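# Architecture and fold: a report
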Amino acid sequence: MAKQERIRTPIVCVLGHVDHGKTSLLDRIRGSSVVSTEEGAITQHIGATLVPIEAIRKTSGTMERASLNIPGLLFIDTPGHHAFTTLRARGGALADMAILVVDLLQGFQPQTFEALQILKTYRTPFVVAATKIDRVHGWRANPGESFLQSFSRQNDRVKDLMETKIYELVGALSELGFSGERFDRVTDFQRNLAIVPVSAQTGEGIGELLLVMIGLAQRYMEGDLALKIDGPGCGTVLEVKEERGLGPTLDVILYDGTLSVGDEIVVAGHVGPIVTKVRSLLKPRPMQEILVEDKFARVKSVTAAAGIKLTAPNLEDVIAGSPVRVISGNPEEAIEEVRREMEEVHVKLSQDGLIIKADTIGALEAICKELDSKEIRVMKAEVGPVSRHDVIDAATIKNPCHRVLLRFNTSILPDAEELTKNPAFSDLKVIEGRVIYDLIDRYVLWRDDLKRQADKKRFEQIVMPAKIRVLPNCIFRQSNPAVVGIRVLAGTLRTGVQLVHGDGKKVGLLKTMQYNQETIHEADAGREIAISIEGATVGRQLEAGDDLLVDIPEKHVKILEREMFTRLNIPAQEILLEFTSMRRKGDPFWGK
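Criteria and thresholds
- Residues numbered from 1 in each chain as written.
- Predicted model: local features only at pLDDT ≥ 70, side-chain atom pairs only at ≥ 80, totals over all residues.
- Heavy atoms only, no water.
- Helix = DSSP H or I, 4+ residues; strand = E, 2+ residues; numbered from the N terminus.
- Contact = heavy atoms within 4.5 Å.
- Areas by Shrake-Rupley, 256 points an atom, 1.4 Å probe, with all protein chains shown as cover.
- Expected span 1.5 Å × (residues − 1).
- Buried < 20%, exposed > 50% of the residue type's maximum accessible area, 1.4 Å probe, protein only.
- Pairing = 2+ DSSP bridges.
- Axes fitted to C-alpha atoms, helices over the stretch in contact; angles between N-to-C directions.
- Salt bridge = Lys/Arg side-chain N within 4 Å of Asp/Glu carboxyl O.
- pLDDT = per-residue confidence, 0-100.
- Arc of directions from axis to C-beta.
- Core = buried A, V, L, I, M, F, W, Y, C linked by side-chain atoms within 4.5 Å.
- Phe/Tyr/Trp six-rings, centres within 6.5 Å; stacked < 30°, edge-to-face > 60°.

### Details of the overall build of the protein chain
- Along its length, the protein chain carries 16 helices and 29 strands.
- If you take every contact in the protein chain between residues at least 6 apart in sequence, the share linking residues at least 24 apart comes to 70%.
- Surface accessibility of the protein chain: about 27,600 Å² in total, with carbon and sulfur atoms responsible for 48%.

This is the structure we're talking about:
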């Protein structure tokens with residue numbers, strides 16, 4: 001067999017920050033419009049697009065000139081970088097190379113840095129696509145032209161601005177240990193990262209981007225792309241879909257070997273590996289996105305790398321993200337391999353945490369990684385609909401902040417939904433979403449609000465530090481109870497607290513407070529009010545001009561110092577310090 005036929009199509013992942021234009025870039029490459037049909041315009045499921053070499057020749061204008069050995073590029077359109085790690089870890093190196101999409105005007109954002117770290121960890125070759133060049137102030141668009149042609153037609157001010165923006169990217173890459181440069185200035189692609197400025201809107205630079213990718217693959221990766229052409233097919237399930245007239249189907253990325261009609265395959269189901277026989281293979285037309293294309297060509301067999309749809313019996317229970325293995329020889333080996341891979345779902349679980357249900361393994365892992373990066377623990381993470389058992393488990397979690405069910409792209413069974421409406425389960429929160437970052441943001445907002453309410457409730461029960469001064473000429477009653485005018489010097493004064501002198505001598509119980517002849521229960525620093533003190537007589541326990549402190553119980557001092565100190569304002573912190581210093585003169589360990 002000729003060498004060219006033995007080189008498989010490189011699999012390319014597209015990574016980058018939210019809204020930096022990953023899907024728009026792929027849209028321009030394949031000429032369809034997936035962005036408009038997806039939740040929040042951000043890719044949530046892993047799609048695949050095959051761009052044949054003929055299309056790359058046409059786009060880049062190298063129709064005859066270059067000798068291109070690579071059959072084309074197969075793009076995996078990932079939901080951020082999380083699916084990249086999921087697909088990479090499962091079934092070997094699924095992505096051979098990557099495009100890191102960076103908005104030229106916004107530069108590196110948190111998820112860009114995260115994606116870079118992942119690429120570094122997995123040692124994946126990549127190219128930086130600096131997108132949205134058409135938004136550079138003053139840029140004159142030349143639709144469909146190469147970047148270099150279009151750049152040469154810009155005025156000097158625009159050229160300078162463009163160079164500045166590119167060198168900002170070069171600087172950001174340098175800080176992370178990467179040596180980057182504009183693609184046409186790179187002499188050694190193994191040592192330097194190529195930055196290709198592009199516009200998904202006008203198509204400028206797209207041809208150069210594809211050509212750089214092909215060049216990289218051809219020059220440095222031919223060995224890695226050599227096919228085990230006669231080997232059994234290996235792949236990953238992207239999605240399980242019900243197709244009209246076909247029943248359940250699997251969208252699969254085949255990354256090695258050959259898959260044929262009639263092959264016995266092993267895939268993972270909810271209760272274990274499933275062995276089935278391929279009934280038909282449907283291949284999308286080139287340049288179409290496998291998740292949105294509905295006209296397929298039937299084929300007898302397919303060779304890696306390819307996005308393929310297959311039909312077979314018993315696919316209803318297959319889990320998206322599962323490995324696909326063609327059985328050759330001993331079926332037990334393939335079954336065991338699939339079982340082992342499924343047991344290695346990369347989710348960190350803890351004794352106490354949230355419960356998550358998602359429609360795919362990839363989504364589950366992506367959510368768990370995102371939660372882990374925010375130090376939010378997960379107790380249970382499973383693929384499938386929310387069951388009655390899940391609701392009961394979530395409702396019995398001790399920590400109220402974890403009494404939550406996160407439901408991503410999956411249904412809730414009728415009996416489980418009925419249970420959530422039961423008043424006994426009113427403390428349980430179910431958050432449903434179809435966009436990963438949005439689902440997590442909503443949980444964080446809910447949790448923070450819950451904490452604020454709990455803190456407020458707790459704050460109300462804690463005796464707060466306060467210092468007051470008895471005002472001269474404001475003694476309204478000597479005793480039974482004593483009624484005097486005071487100024488709150490610092491802290492928050494509340495009714496029902498004991499008052500003491502600066503040396504600890506007791507004064508009495510602050511019974512009531514009045515401001516402008518209205519009864520109040522709380523007064524902040526600066527307020528001048530009238531108070532009644534039970535058990536005190538003016539002339540004995542207190543005098544006009546005295547400074548008094550609120551007597552804080554020892555267990556309240558522990559909470560204030562350990563948990564609430566930073567939430568007190570500075571004058572209140574100073575009063576607490578004054579009070580505890582006085583108490584600790586006789587007992588250094590008081591309140592500790």
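And the narrative resumes.
### Here's the deal with helix 8 (residues 206–220)
- The end-to-end C-alpha distance of helix 8, which contains 15 residues, comes to 21 Å, matching closely the 21 Å that a straight helix rising 1.5 Å per residue would cover.
- A large share of helix 8 lies buried, amounting to 11 of its 15 residues.
- Where helix 8 is concerned, the buried positions are I206, G207, E208, L209, L210, V212, M213, I214, L216, A217 and Q218.

### Observations regarding the pairing of strand 18 (residues 354–358)
- Counted residue by residue, strand 18 has 5 buried out of 5 residues, so it is predominantly covered.
- Pairing of strand 18 with strand 19 (residues 378–383), which is carried by 5 bridges, proceeds in the parallel orientation. Bridge pairing links A358 to V383 in strand 19.
- Where strand 18 lies against strand 20 (residues 404–408), 4 bridges are found, and the strand directions are parallel. Each residue of the ladder has a partner; that of K357, found in strand 20, is R407.

### Points about the sheet that holds strand 20
- Taken in spatial order, the 4 strands line up as 19-18-20-21 in an open sheet, and their pairing is parallel. Strand pairing shows two members of the sheet lacking a second neighbour, strand 19 and strand 21 (429–433), which therefore form its edges. If you compare each strand with its neighbour and ignore which way they point, the axes differ by 15° on average.
- When strand 20 meets strand 21, the two strands line up parallel, connected through 5 bridges. Across the sheet, the residue bridging to F408 is G433, located in strand 21.
- On top of the sheet, helix 14 (residues 436–461) reaches strand 18, strand 20 and strand 21; it is set at about 155° to strand 21, its chief contact.

### Focus on the sheet that holds strand 14 (residues 296–299)
- Strand order in the open sheet formed by 8 strands is 12-11-17-8-9-16-13-14, and the pairing between neighbours is antiparallel. At either margin of the open sheet sits one strand with a lone partner, and together these are strand 12 (272–277) and strand 14. Going from strand to strand, the sheet's axes swing by 35° on average, the running direction of each strand aside.
- Pairing geometry for strand 8 (residues 234–243) and strand 9 (residues 247–256), over 9 bridges, is antiparallel. Residue pairing for strand 9: E243 is matched across the bridge by G247.

### Digging into the pattern of salt bridges
- All chains considered together, the criterion is met by 29 salt bridges.
- Linking D455 and R567 is a salt bridge whose minimum nitrogen-to-oxygen distance equals 2.2 Å. Residue D455 is found in helix 14, and its partner R567 is found in the loop between helix 15 (554–564) and helix 16 (570–583); the two are separated by 112 residues along the sequence.
- Residue E522 is joined to R494 by a salt bridge in which the shortest nitrogen-to-oxygen separation is 3.0 Å.

### A look at the confidence of the model for the protein chain
- Looking at the protein chain as a whole, the pLDDT averages 84, with 88% of positions reaching at least 70.
- Note on residues 88–93: pLDDT is under 50 here. Beyond four places in sequence and across chains, it has 17 contacts.

### Quick notes on helix 15
- Of the positions making up helix 15, those classed as buried are H556, V557, L560 and M564. For helix 15, the angular spread of the buried residues around the axis is 105°, confining them to a single face. Residues K555 and R562 are exposed on helix 15 and point more than 90 degrees away from its buried face.

### Some remarks on the pairing of strand 9
- Counting buried residues along strand 9, 10 of its 10 residues qualify, which places the element largely inside the surrounding structure.
- Between the end of strand 8 and the start of strand 9, which pair antiparallel, lie 3 residues, with G245 showing a positive phi angle near 85°.

### Considering the nonpolar core
- Counting residues in each nonpolar core, the largest one holds 93 residues, and the members touching the most others are L25, F75, I99, F126, M162, L259 and L310.
- The element contributing the most residues to this core is helix 8, with 8 residues.
- Residue contacts for I99: discarding those within four places in its chain leaves V12, C13, V14, L15, L25, F75, V127, A129, L209 and M213.
- Membership of the second largest hydrophobic core comes to 41 residues, among which are A482, L499, V538 and L560.

### Some thoughts on the packing of aromatic side chains
- Considering all chains together, one arrives at 6 aromatic pairs under this definition.
- Between the aromatic rings of F126 and F178, the centroid separation amounts to 5.5 Å while the plane-to-plane angle is 80°, which identifies the pairing as edge-to-face. With a gap of 52 residues between them, F126 in strand 5 (residues 126–131) and F178 in the loop between helix 7 (156–175) and strand 6 (180–182) connect regions that are remote in the sequence.
- Where Y443 meets W446, the ring centres are 6.1 Å apart and the plane angle is 35°; that geometry is what we call tilted. Taken together, the residues span about one helical turn, with Y443 and W446 both in helix 14 at a distance of 3 residues.

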